[in-house]
Amino acid sequence: MTASPVPRPGSPTTRIGIIGSGHVGATFAYALLRSGVAAEIVLLDADRDRAEGEVMDLVHAAPFERPTRIHAGDWDDLAGAAVVVMAAGSGQRPGQTRLDLARRNAAVVADIAPRVAAVAPDTILLLATNPVDVLTHVALATSGLPATRVIGSGTLLDTARFRALLADALDVDPRSVHAVVVGEHGDSEVPVWSLANVAGMRIRDAFTAHGEPDPDAVMADIFARTRDAAYRIIERKGATYYAIASGLVRVIEAIVRDQRTVLTVSSLVDGAYGLHDVCLSLPAVVGRNGIERVLPIELDGAELAGLRRSASVVRHAIEELASGEVAGP
Ligand code: NAD
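A quick note: this is a predicted structure, and the numbers were derived from the prediction, not measured.

Draft legend 1. Representation of the pairing of strand β4 (residues 83–86) within the structure. Alternating positions in β4 separate into two faces, Val83 and Val85 on one and Val84 and Met86 on the other, with burial throughout. Relative to β4, strand β1 (residues 15–19) runs parallel, the two being bridged by four bridges. Bridge pairing in β4 links Ile18 to Val85. Here β4 runs beside strand β5 (residues 124–127); their pairing, made up of four bridges, is parallel. Paired with Met86 across the bridge in β5 is Leu127.

Draft legend 2. Quick peek at the site of the ligand. Neighbouring the ligand are 23 residues, the closest being His23, Val24, Asp45, Ser90 and Ala128. Here His185 contributes a side-chain N or O atom positioned 3.4 Å from an oxygen atom of the ligand. Elements represented by at least two residues in the shell around the ligand include exactly α1 (23–35) and α3 (98–119). Examining the composition of the shell around the ligand, we find that three residues originate from one element, α3, more than from any other. Class assignment for the residues of the shell around the ligand results in ten nonpolar, twelve polar and one charged. In terms of domain composition, the shell around the ligand takes at least three residues from each of domain 1 (15–152) and domain 2 (156–321).

Draft legend 3. Quick look at the pattern of salt bridges. Tallied over the entire structure, the rule returns 18 salt bridges. Between Arg257 and Glu253 there is a salt bridge; the shortest N-O distance is 3.3 Å. We classify Arg257 as partly exposed; its relative accessible area is 46%. Between Glu319 and Arg315 there is a salt bridge whose closest N-O contact spans 3.0 Å. With Glu319 and Arg315 both in helix α10 (residues 301–323) and four residues apart, this pair spans about one turn of that helix. Residue class for Glu319 comes out partly exposed when judged on its relative accessible area of 43%. The class for Arg315 is partly exposed, based on a relative accessible area of 22%. It is possible to trace a salt-bridge network through shared partners that takes in Arg15, Glu40 and Arg69.

Draft legend 4. Looking closely at the pairing of strand β14 (residues 290–294). The pairing of strand β13 (residues 278–287) with β14 spans four bridges and is classified as antiparallel. Each residue of the ladder has a partner; that of Val285, found in β14, is Arg293. Linking β13 back to β14 in an antiparallel pair, the connection comprises two residues.

Draft legend 5. Structural view of the domain arrangement of the protein. Domain assignment breaks the protein into domain 1 (15–152) and domain 2 (156–321). The straight-line distance from the C-alpha centre of domain 1 to that of domain 2 is 23 Å. With 34 residues of domain 1 at the interface, the matching set in domain 2 holds 38 residues. For the pair domain 1 and domain 2, the summed buried surface comes to about 2,900 Å²; carbon and sulfur atoms form 75% of the total. Viewed at the interface, domain 2 and domain 1 are joined by zero salt bridges. The interface formed by domain 1 and domain 2 contains five residue pairs in polar contact (both at pLDDT 80 or more). Each residue belonging to the side of domain 1 that touches domain 2 can be placed in one class, and the counts come to 21 nonpolar, nine polar and four charged.

Rules used in this analysis
Residues numbered from 1 in each chain as written. Predicted model: local features only at pLDDT ≥ 70, side-chain atom pairs only at ≥ 80, totals over all residues. Heavy atoms only, no water. Buried < 20%, exposed > 50% of the residue type's maximum accessible area, 1.4 Å probe, protein only. Helix = DSSP H or I, 4+ residues; strand = E, 2+ residues; numbered from the N terminus. Pairing = 2+ DSSP bridges. Near = heavy atom within 4 Å. Polar contact = N/O pair within 3.5 Å; in protein donor to acceptor, adjacent residues only side chain to side chain. Nonpolar A, V, L, I, M, F, W, Y, C, P; charged D, E, K, R; others polar. Domains from an automatic or database assignment. Salt bridge = Lys/Arg side-chain N within 4 Å of Asp/Glu carboxyl O. Contact = heavy atoms within 4.5 Å. Buried area = accessible area lost by both parts, 1.4 Å probe.

So this is what it looks like as structure tokens:
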């Protein structure tokens, strides 16, 4: 099923593949449809009915949106995709350890990544499945794609949450707040307070100017709410998907339009800050080639120590995964 017009043979098309049509995949598909960035969206899911149902619903929105061809597909339909987004796999279930989740989703990624690379060798693989940094490493190892074209959503979402909460507290547009969260997408993530600013004004000064008597306490609370946001949302509604969907669209736009946007996404770090063979987030220039380069931002001593701790958490998980049995998907 498609939302017409179907591209004519030979016409250029920006095809985006989405593997996993659950909360994240389907919401991302809808956000992508609304963005007008893709000419064609292909949805895959192990549950074919699920993908087809989402496609039918999305196609019916077509008269209100920009023309986009949307269909449920199979592996071959990913051929020529500019980007394939991986949103398959489960979230953490009650009682399930992080390692159990990692094993389960690693098996899914290890199965899917080589298939994607075989059918779309020039694609960029963008992962959202958790634990995203570890799985970016798995995708890199199993796909054979170059490191610049295997990207995890990483702290894209955490940085967005951080900026949104800071903006709310400072009563300014979140786009006017420049601040990043680096490291693992998870409990060990690191807020880079030393470089956070509003229009060049240091963030602590911005709080003081806004009449905040105890900026440090407010800032600590904002970071705790950033780091723990997923837990709070999942407690209330079972899953998170809107903000990650918007973030994924932003990455797609940066790639497809070669915008060279600076985004905190996860990629292989091998050498920077003395870190080796680990995937985590740093501010990266994202463009047509995927990760164009990583910006060597200057971190203060505590931030650098935090980043190293965060890297060791991810590295430990990679090693734990490599040493254990991988569960069936
Ligand atoms: P969901 O259960 O709603 O959907 C997952 C979908 O994946 C299901 O439709 C399932 O059928 C499909 N699937 C499972 N194995 C598959 C396979 N081998 N091939 C194809 N499809 C397969 O889950 P969700 O809420 O959409 O979350 C998906 C993942 O995204 C989870 O790992 C979650 O933790 C993660 N997530 C990441 C972020 C982030 O910031 N990186 C944010 C939110 C969620």
